[in-house]
Amino acid sequence: MRGEAPPLEGSSWVAGPENLMIRVVLNGLRGPIEVAGKRYNQEMPGFAPILSDGDIATLLSYARKRFGGADTPTSAGAVGAIRAASRGRSGLWTAEELLKQP
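Residues numbered from 1 in each chain as written. Predicted model: local features only at pLDDT ≥ 70, side-chain atom pairs only at ≥ 80, totals over all residues. Heavy atoms only, no water.

**Some points on the overall build of the chain**
Condition: The helix count covers DSSP runs of H or I at least four residues long, the strand count covers runs of E at least two residues long, and both are numbered beginning at the N terminus. It is over C-alpha atoms that the radius of gyration is taken, and the globule rule equals 2.2 Å times the number of residues to the power 0.38. Think of it in three bands: with a 1.4 Å probe and only protein chains considered, a residue is buried below 20% of the maximum accessible area for its type, exposed above 50%, and partly exposed in between. Contacts were defined at the residue level, with two residues in contact if any of their heavy atoms lie within 4.5 Å. Residue-level accessible areas treat just the shown protein chains as cover; the underlying method is Shrake-Rupley with a 1.4 Å probe. Under the counting rule used here, the positive set is Lys and Arg, the negative set is Asp and Glu, and His together with the chain ends is not counted. By convention, the charge on Lys lies at NZ, on Arg at CZ, on Asp at CG and on Glu at CD.
Counting secondary structure elements, the chain contains five helices and two strands. Seen in sequence order, the chain has helices and strands lined up from the N terminus as α-α-β-β-α-α-α. For the chain, the C-alpha radius of gyration of 13 Å lies close to 13 Å, the compact-globule estimate for 102 residues. For the chain, the proportion of its 102 residues judged to be buried stands at 36%. Relative to all contacts within the chain whose residues are 6 or more apart in sequence, the contacts with residues 24 or more apart total 63%. When the accessible surface of the chain is summed, it comes to about 6100 Å², and 56% of that surface belongs to carbon and sulfur atoms. Computing the positive centroid from 12 side-chain charges and the negative centroid from 10, the chain places the two 3 Å apart.

**Notes on the environment of M21**
Within the secondary structure layout, M21 lies in helix 2 (residues 18–27). For M21, a relative accessible area of 13% puts it in the buried group. Distance in space between the C-alpha atoms of M21 and E34 is 14 Å, their sequence separation being 13 residues. Every residue in contact with M21, bar those within four places of it in the chain, is listed here: W13, V14 and L60.

**Here's the deal with the packing of aromatic side chains**
Where we set the bar: Two rings from Phe, Tyr or Trp (for Trp, the six-membered ring) form a pair when their centres are within 6.5 Å of each other. A pair whose planes differ by under 30 degrees is stacked, one over 60 is edge-to-face, and the rest are tilted. A positively charged side chain is recorded as over a ring if its NZ (Lys) or CZ (Arg) lies within 6 Å of the ring centre. The angle to the ring normal must also be within 35 degrees.
Per the stated rule, a full pass over the model turns up one aromatic pair. In this structure, R89 is placed above the aromatic ring of W93, and the distance from its NZ or CZ to the ring centre is 3.6 Å.

**Here we look at the nonpolar core**
Rules: By nonpolar core we mean a set of buried residues, namely Ala, Val, Leu, Ile, Met, Phe, Trp, Tyr and Cys, connected to one another through side-chain atoms within 4.5 Å.
Core analysis: the largest hydrophobic core is formed by 20 residues, its most contacted members being W13, I22, I33 and L98. For this core, the secondary structure elements donating two or more residues are helix 2, strand 1 (29–35), helix 3 (53–68), helix 4 (76–85) and helix 5 (95–99). With six residues, the top contributor of residues to this core is helix 2. Contact partners of W13, with chain neighbours within four places excluded, come to L20, M21, I33, E34, V35, A95, L98 and L99.

**Concerning the pattern of salt bridges**
What counts, and what does not: By definition, a salt bridge exists where a carboxyl oxygen of Asp or Glu is found within 4 Å of a side-chain nitrogen of Lys or Arg.
All chains considered together, the criterion is met by five salt bridges. The closest approach of N and O atoms between K38 and E4, which form a salt bridge, is 2.8 Å. Here the residue K38 occupies a position in strand 2 (residues 38–44), and E4 occupies one in the segment before helix 1 (12–15), the gap between them amounting to 34 residues. Here E4 falls in the partly exposed class, since its relative accessible area comes to 27%. When the shortest N-O distance is used, the salt bridge between D53 and R83 registers 2.6 Å. With D53 in helix 3 and R83 in helix 4, the pair connects residues that are 30 residues apart, well separated along the chain.

Pasting the structure below:
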């Protein structure tokens, strides 16, 4: 379906390392991504300019628990550390770039 976004439920991106999702929410994502064996090619804007570290931590804690089964909440400190480390980044991430990040 044209314009279809990848599902959160069952996504290895949501269930995987929290740093991936923190980067996506902060700086956005563009280009192809595979979720549950299906390819998507959409663009998601970054929310760093409008959401605080606490807001992002709350959002990701909910999404990761509800859709990824994560037991540990995302902390505002973790978001802040990644925000600081990627402060100079101006563009959206690609899936390929994200998978190379620590």
